[in-house]
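# Close look at the chain arrangement
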Amino acid sequence: MRNWKKILVCVFTFSLMGGSIMFADSVSQKIKIWINGEEVQDGGYVIDGKTYVPIREFNGLVNWDANKVKFIKPDVHIFLFKGDTVFGNVNKGKLKFNVFCQVDNLTAHVSSVKVAITDPSGKVKDIQSQELGSDQKDNFWFRTYDFTYDFKTAGKYIVGFYMKASKNAEYELVAQKVITALN
């Protein structure tokens, strides 16, 4: 008789758990999210008809404390110069160029900036970085020195502009420009 009571309690408990899980699943639904053609790693959720996506996926700086999240997304325009000529596509091989970045509408102080290039296989090479002083403005220009880069394979290379919110923070991608290397 005792075993029947235990079995009945277990069946009742598991049916409550299953019902709770099914209810939770109907309230929130995990979905896939793509931003600029790339799938967001953690995806998103639809909860009560609203879509939620992790804010860190929107290429900007995120600062948070106990009750507040601050998202900083300045306007950054990237220009690629070979000498005095602006370019976008290149042929495979070595090319000497520099990167000019125009930053507008920066609403918070950042510690430093960096430009890096990512090849089609995902390998990243830092081009140049610079610490920013306390006299930083809400708009400024950052131009790298001329450097030579070897576009070894055909494909898309991404020039990224990164910012660091504080000295101890990690660099975060804020803007990017694609260079297509042709055969």
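Below, the structure is looked at part by part. (Residues numbered from 1 in each chain as written. Predicted model: local features only at pLDDT ≥ 70, side-chain atom pairs only at ≥ 80, totals over all residues. Heavy atoms only, no water.)

## So, the sheet that holds strand β10 (residues 89–91)
Taken in spatial order, the five strands of this open sheet run β10-β17-β16-β12-β13, and their pairing is mixed. Unpaired on one side and paired on the other, β10 and β13 (124–131) mark the two borders of the sheet. Put simply, the sheet's adjacent strands are angled 25° from each other on average, direction ignored. Pairing geometry for strand β16 (residues 155–164) and strand β17 (residues 172–182), over nine bridges, is antiparallel. Note that in β17 the partner of V159 across the bridge is K177. (Pairing = 2+ DSSP bridges. Helix = DSSP H or I, 4+ residues; strand = E, 2+ residues; numbered from the N terminus. Axes fitted to C-alpha atoms, helices over the stretch in contact; angles between N-to-C directions.)

## Notes on the pairing of strand β7 (residues 69–72)
The pairing of strand β6 (residues 61–64) with β7 spans four bridges and is antiparallel. Looking at the pairing, V62 lines up with F71 of β7. Adjacent in sequence and paired antiparallel, β6 and β7 are bridged by four residues.

## A closer look at a nonpolar patch on the surface
Taken together, the side chains of I55, F58, W64, V69 and F71 make up a nonpolar region of the molecular surface, amounting to roughly 510 Å² of accessible area. For V69, a relative accessible area of 53% translates into the label exposed. (Patch = residues over 30% accessible without salt bridge, like charges linked within 9 Å, V, L, I, M, F, W, Y side chains within 5 Å. Areas by Shrake-Rupley, 256 points an atom, 1.4 Å probe, with all protein chains shown as cover. Salt bridge = Lys/Arg side-chain N within 4 Å of Asp/Glu carboxyl O. Buried < 20%, exposed > 50% of the residue type's maximum accessible area, 1.4 Å probe, protein only.)

## Let's talk about the sheet that holds strand β4 (residues 44–47)
Here we have three strands laid out as an open sheet, ordered β1-β4-β5, and antiparallel in their pairing. The open sheet terminates on both sides in strands that have one partner only, identified here as β1 (28–31) and β5 (50–52). Averaged over neighbouring strand pairs, the angle between their axes works out to 25° when direction is ignored.

## Regarding the packing of aromatic side chains
Applying the stated criterion to the full structure yields nine aromatic pairs. For the ring pair F97 and F147, a centre distance of 4.5 Å and an interplane angle of 55° mean the geometry is tilted. Taken as a pair, F97 in strand β11 (residues 93–104) and F147 in strand β15 (residues 147–151) lie far apart in primary sequence, 50 residues in all. The same class applies to F97 and to F147, which are both buried. Ring geometry for F151 and Y157: centres 4.8 Å apart, planes at 80°, overall edge-to-face. Judged by relative accessible area, F151 falls into the buried class, the value being 0%. Residue classification places Y157 among the buried residues on the basis of a relative accessible area of 1%. What links up through ring pairs into an aromatic cluster is the set F87, F97, F147, Y149, F151 and Y157. (Phe/Tyr/Trp six-rings, centres within 6.5 Å; stacked < 30°, edge-to-face > 60°.)

## Comments concerning a positive patch on the surface
On the surface, K94, K123, K125 and K152 cluster together to form a positively charged patch. Among the secondary structure elements, K125 is positioned in strand β13. (Lys, Arg positive; Asp, Glu negative; His and termini not counted. Charge placed at Lys NZ, Arg CZ, Asp CG, Glu CD.)

## A short note on the nonpolar core
In this structure, F97, F151, F161, M163 and I179 are the most contacted members of the largest nonpolar core, which totals 33 residues. For this core, the elements supplying multiple residues, two or more each, are β8 (75–82), β11, β12 (112–118), β14 (140–143), β15, β16 and β17. The contacts of F97, once residues within four sequence positions are left out, are L80, F81, K82, F87, I117, Y145, D146, F147, Y149, F151 and I179. (Core = buried A, V, L, I, M, F, W, Y, C linked by side-chain atoms within 4.5 Å. Contact = heavy atoms within 4.5 Å.)

## As for the pattern of salt bridges
Per the counting criterion, the structure on display carries one salt bridge. Between K114 and D126 there is a salt bridge whose closest N-O contact spans 3.3 Å. With a gap of twelve residues between them, K114 in strand β12 and D126 in strand β13 connect regions that are remote in the sequence. Exposure remark for K114: the relative accessible area of 12% places this residue in the buried category. For D126, a relative accessible area of 44% puts it in the partly exposed group.

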